[in-house]
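# A closer look at the structure
Below are the chains, spelled out letter by letter.
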Amino acid sequence: MKLASIRSACGSLRPYTSRPGSRFSGLSRRCLPVAVTDHRVALRTVSSGTSRTGNFKKQDKTWSEFNKEVVQSIKEAKVTLLGRNPEVQPLLAILQSGDDDNILEVNKKIASKIGLTVTQMCLTNECSEDDIVAELLKLNSDPKVHGIYLHLPPAFLTSRVLNMLSPEKDVEGLTDLNMGRLLRGDLSKSFVPPIASAILDLLGKRDVPLKDKSVLLVGEGPLRLTLQCLIERGGMAVDTSHWNSKNLQKQVMQADVLVLLSAGNVEVPPTWTRPEAVIIRCESTLEPDDALCLSSRSGLGFLTAAYRSQNVIHSCSRWLQKQQYRPWHLYNLQLQPLTPVPSDIQISRAQTPKPVDQLAEEIGLLPEELEAYGRNKAKVHLSLLDRLRSQPDGKYVLVAGITPTPLGEGKSTVTIGLVQAMSAHLKLNSFACLRQPSQGPTFGVKGGAAGGGYAQVIPMEEFNLHLTGDIHAITAANNLVAAAIDARMLHEATQSDKALFSRLVPTVNGVRKFSPIQISRLRHLGINKSDPAHLTPQEVSTFVRLDLDPSKITWQRVVDTNDRFLRKITVGQASTEKGQTRETGFDIAVASEIMAILALSVSLKDMKNRLARMVVGTSRSGGPVTAEDLGVSGALAVLMKDAIKPTLMQTLEGTPVFVHAGPFANIAHGNSSVLADKLALKLVGRDGFVVTEAGFGADIGMEKFFNIKCRASGLRPDVVVLVATVRALKMHGGGPNVSAGTPLPKEYLHENLSLVAGGCRSNLKKQIQIAHLFGVPVVVALNVFKTDTQAEIDLVCQIAKECGASDAVPCHHWSRGGRGCLELAQAVNEAARRPSNFQFLYNTEMPLVEKIRTIAQKVYGADDIELSPEAQSKIDYYNQQGYGSLPICMAKTHLSLSHMPDKKGAPTGFVLPIRDVRASIGAGFIYPLVGTMSTMPGLPTRPCFYDIDLDPVTEEITGLF
């Protein structure tokens, strides 16, 4: 880019509204930076066949007084604007070729009187159209710039250049869009060109009323069209002519006002004009002297600059208005449910989703807050939180469930059905916040997490496969840490302190210096030096050697596939690894601590700090080694910078959904991200609803939602929706085991009120009690299947209310969509109006063992806990390192309230065995491993992938669901 210079001038400006007293004050003038040179208008009156130069008659105000009046009016408007928004400074950017400062000086002088900031960007005279476009794109995207003025030769003002200019910053009114709006009369979104505003104000300030007088515009170009439109709206008759018109003399002699546009050196003979006719001549340049004072000659130049400033302030005001919360204008997609209900993928494909940018506009997102990934999904920028920071949050609803069967009980489906009912049918703003599905269950046994039937996120293939790549980013980041650990151990084992230091702090262009992350490590070690040459040999050794104990490395690799044979592996067996072998293993990607960090972070800065704090192992001296010690935390933040943005999608009925994060609830905290919830709560508004989902049963996902996620976010839920199914209640009431991939036993296909009652009075009752431990009202949602009888449905709802639920309702969203969930939506709306007495289950200052015991006894129903020697040793170590005040994240089977998957209902009289305890310091919790809980699931005999295929001709996916 041939950018010669950037000059800035600052004053203290204020906004402006149309000045009272002008005949054209109702035209609401607004301007943006333009692509034309500045103008000077010479105003002449003609008397008795001769002309005399002058702006006004003797009784008229002088140019200086007139300019001061205009400037003062604009200044007052700017004061009003900034009184409400003191942190904003209106900014005009002048983009020009060459170093001519006349235009800058004129605008600076006016800006200094108003309090505006002016920046000049000078391209060389030899710049190309591409250079201009490149600079324009930068100015368009800079939120600090409110107006752009293109001071360029006419040859550079091509259609491409003019229409590359953002209409919102087009303070000169040059773009096709701006002119179209202006001619249509849409003054609230357009800008009147400053020169046009100046001419209109001059006409309005004449002593002789000009209404019903005739105006002749002589010349070419957009300015003539604009003036014609605006003057006619002011009540004057307008005629136009070309300089070479044969009828020019006749037209001039009939005009009361003559406006000469782009006249150059052409003169109109005095004998052509009528007595007392007003002549306004628009000259193309300002002389240098004009930039120094408010003389009569330079008056119009300064008046034009003043109106340009006014347009900048109008642009700033519009920008500020745009930043405010926007009411929703949601267009709902219509459903026509079929019977029998088709497959999920058939239903998904039968509905055409709205373009994601349309959905974003409907819910009040700005275009710059959206980062599209194709037509149907987009990332949402976190800047939204700052823009809507003063906006009250909506109501916060958590969907949890009873202890599920291996088939799942439909929490995601209920979540989606509920928001479809609220938004599409009750017309309440509502947002669903869901976890991103893991490839593990998608290709394993459970399937995806897009919902099902007529309550699902679409397109379901995109939802369940890759999405926007967040899990891949987590996998890459996690495995970068693993690679860094093994590489560092190898190099420390095979190099001297001096060689390590030389390679870790290399000489580049004759200079050796520490990187910022190495400075952080030095400070952590208590070494307050920044020059590598000043370190002592002992300090060098301390700095370069992490001295990781291979037997105490806690970091594992991850892959997003159920691969049981990676649970334990040996690395370092190649000859190039020089005997540095050790045992390690793989977790599933969603169990990575980085996934938990993604879900719990409240900002990009918070995520970066959490990544730096991750403990990957212990040194031989007993100290924790972090990702920052490895020097890798900055790179992790780079890999995760896009993953931290939630993904916007939609339901079958066109209601918004955020999909973000997806840690498993049995081996992690199992909730979607804090950021998705926070963004959604701002977007729905005070009376709206955000419905988020916790994984597996309430004893796992919900407990972690309250004790971990709510601590991190500061958010407090208003209602818990507890999902139950008749089949799960029958299983907990004594029915036979349910296995994925095998037909349901007959007990689940025929009415059995005894089994239903047994499940309600055991597992359902216990899960309601768990929610009440936290002081939150509970609404039971019975996810109805076609095999359920009315007697079974009524029995569940009756017993649920007896057990303390605020309400209990059947839900038919799977077969009917949002309409089938209306009763639940109304029940949730009613429950949300009741006061919530939220409280945490434990104080984080309690000892680690007591926090674990509290969860085991109060939530699971255990008599006590039993710590293995290894678990006790780990707890002692974590206490020693200062991690004792972290909350607890239990890794436990989701198939039972106890640690025994086959124990259904509400088991009692058992001791909960804690075989190991690990720490996720970056995520901010300690996680005990209960029983035989594994962090890497395995594939069943017949996984889902047997049915998944691709048609190479149509590219349609088959067999996904």
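Residues numbered from 1 in each chain as written. Predicted model: local features only at pLDDT ≥ 70, side-chain atom pairs only at ≥ 80, totals over all residues. Heavy atoms only, no water.

Turning our attention to the overall build of the protein. Scanning the protein for helices and strands turns up 32 helices and 36 strands. Taking the contacts inside the protein whose residues are at least 6 apart along the sequence as the reference set, 76% of them involve residues at least 24 apart. Carbon and sulfur atoms form 51% of the exposed surface of the protein, whose accessible area is close to 38,000 Å². (Helix = DSSP H or I, 4+ residues; strand = E, 2+ residues; numbered from the N terminus. Contact = heavy atoms within 4.5 Å. Areas by Shrake-Rupley, 256 points an atom, 1.4 Å probe, with all protein chains shown as cover.)

The next subject is the sheet that holds strand β33 (residues 911-920). Taken in spatial order, the three strands line up as β32-β33-β34 in an open sheet, and their pairing is mixed. Whereas interior strands pair on both sides, the edge strands pair on one side only; in this sheet they are β32 (864-867) and β34 (925-930). Taking the axes of each pair of neighbouring strands and ignoring which way they run, one obtains an average angle of 50° across the sheet. Note: β32 against β33, four bridges, orientation parallel. Within β33, the residue paired with Asp 864 across the bridge is Val 911. (Pairing = 2+ DSSP bridges. Axes fitted to C-alpha atoms, helices over the stretch in contact; angles between N-to-C directions.)

Another point: the sheet that holds strand β19 (residues 548-553). Read across the open sheet, the three strands follow the order β19-β24-β25; overall the sheet is antiparallel. Two strands close off the open sheet at either side, each with one partner strand: β19 and β25 (624-626). Direction aside, neighbouring strands of the sheet carry axes that sit 50° apart on average. Relative to strand β24 (residues 615-619), β19 is paired through two bridges, and the arrangement is antiparallel. Within the sheet, the bridge partner assigned to Ile 553 lies in β24 and is Gly 617. Of the strands in this sheet, β19 and β24 touch helix α16 (residues 470-494), which is tilted by about 135° from β19.

Moving on to the pairing of β33. On any regular strand, side chains alternate: one points to one face of the sheet, the next to the other face. Note that β33 and β34 share six bridges and pair antiparallel. When the bridges of β34 are listed, Ala 919 appears paired with Ile 926. Taken together, β33 and the strand that follows it, β34, pair antiparallel across an intervening segment of four residues, in which Gly 924 is found at a positive phi of about 95°.

Across the 11 residues that make up helix α24 (residues 674-684), a large majority, 10, are buried. The complete set of buried residues in α24 reads Val 674, Leu 675, Ala 676, Asp 677, Leu 679, Ala 680, Leu 681, Lys 682, Leu 683 and Val 684. (Buried < 20%, exposed > 50% of the residue type's maximum accessible area, 1.4 Å probe, protein only.)

Another aspect to go through is the packing of helix α31 (residues 848-860) against helix α32 (residues 869-880). As a packed pair, α31 and α32 sit with axes 10 Å apart at the nearest point and diverge in direction by 125°. Considering their axes alone, α31 and α32 lie oblique with respect to each other. Note on element contacts: α32 touches α31 through Ile 875, Tyr 878 and Asn 879, opposite Leu 848, Val 849 and Ile 852. In terms of residue class, the contact of α31 with α32 is made up of five nonpolar, one polar and no charged. (Parallel < 35°, antiparallel > 145°, perpendicular 65-115°, else oblique. Nonpolar A, V, L, I, M, F, W, Y, C, P; charged D, E, K, R; others polar.)

Our next topic: helix α21 (residues 604-613). Among the residues of α21, Asp 606, Met 607, Arg 610, Leu 611 and Ala 612 are the ones counted as buried. For α21, the elements touching its buried residues are α20 (593-600), β25, α22 (627-630), α23 (633-640) and α25 (698-713).

Further remarks concern the pattern of salt bridges. Summed over the entire model, instances satisfying the criterion amount to 39 salt bridges. One salt bridge connects Arg 582 with Asp 486, and the closest N-O pair in it is separated by 2.9 Å. With Arg 582 in strand β22 (residues 582-584) and Asp 486 in helix α16, the pair connects residues that are 96 residues apart, well separated along the chain. Linked through salt bridges whose partners overlap, the residues forming this network are Glu 371, Lys 641, Asp 642 and Lys 645. (Salt bridge = Lys/Arg side-chain N within 4 Å of Asp/Glu carboxyl O.)

A separate point is the pairing of strand β31 (residues 807-811). Summarising burial for β31: four of the five residues are buried, a large majority. Pairing between strand β30 (residues 778-783) and β31: five bridges, direction parallel. Considered in β31, the bridge of Ala 781 is made with Val 809. Handedness of the β30-helix α28 (residues 790-802)-β31 crossover: right-handed. (Right-handed = clockwise from strand over helix to strand, strands pointing away.)

So, about the packing of helix α5 (residues 176-184) against helix α7 (residues 222-233). Remark: α5 packs on α7, axes separated minimally by 10 Å, with the N-to-C direction vectors making an angle of 20°. Looking at the two axes, α5 sits roughly parallel to α7. Of the two elements, α5 crosses α7, and the hand of that crossing is left-handed. In contact with Met 179, Leu 182, Leu 183 and Arg 184 of α5, α7 contributes Pro 222, Leu 225, Thr 226, Cys 229, Leu 230 and Arg 233. (Left-handed = near helix turned anticlockwise from the far one by under 90°.)

Turning our attention to the side chain of Gln 556. One can find Gln 556 in the loop between β19 and β20 (557-559). Taking relative accessible area as the criterion, Gln 556 reaches 19% and is therefore assigned buried. A distance of 2.9 Å separates the side chain of Gln 556 from the side chain of Asp 587, its partner in a polar contact. Contact partners of Gln 556, with chain neighbours within four places excluded, come to Asn 478, Thr 584, Gly 585, Phe 586, Asp 587 and Thr 935. (Polar contact = N/O pair within 3.5 Å; in protein donor to acceptor, adjacent residues only side chain to side chain.)

Below, the discussion takes up the nonpolar core. One finds Phe 431, Leu 648, Phe 658, Phe 706, Leu 764 and Leu 912 to be the most contacted residues of the largest nonpolar core, which totals 146 residues. In terms of nonpolar packing, the next biggest core, distinct from the first, is built from 53 residues, Leu 182, Leu 187, Ile 199 and Val 215 among them. (Core = buried A, V, L, I, M, F, W, Y, C linked by side-chain atoms within 4.5 Å.)

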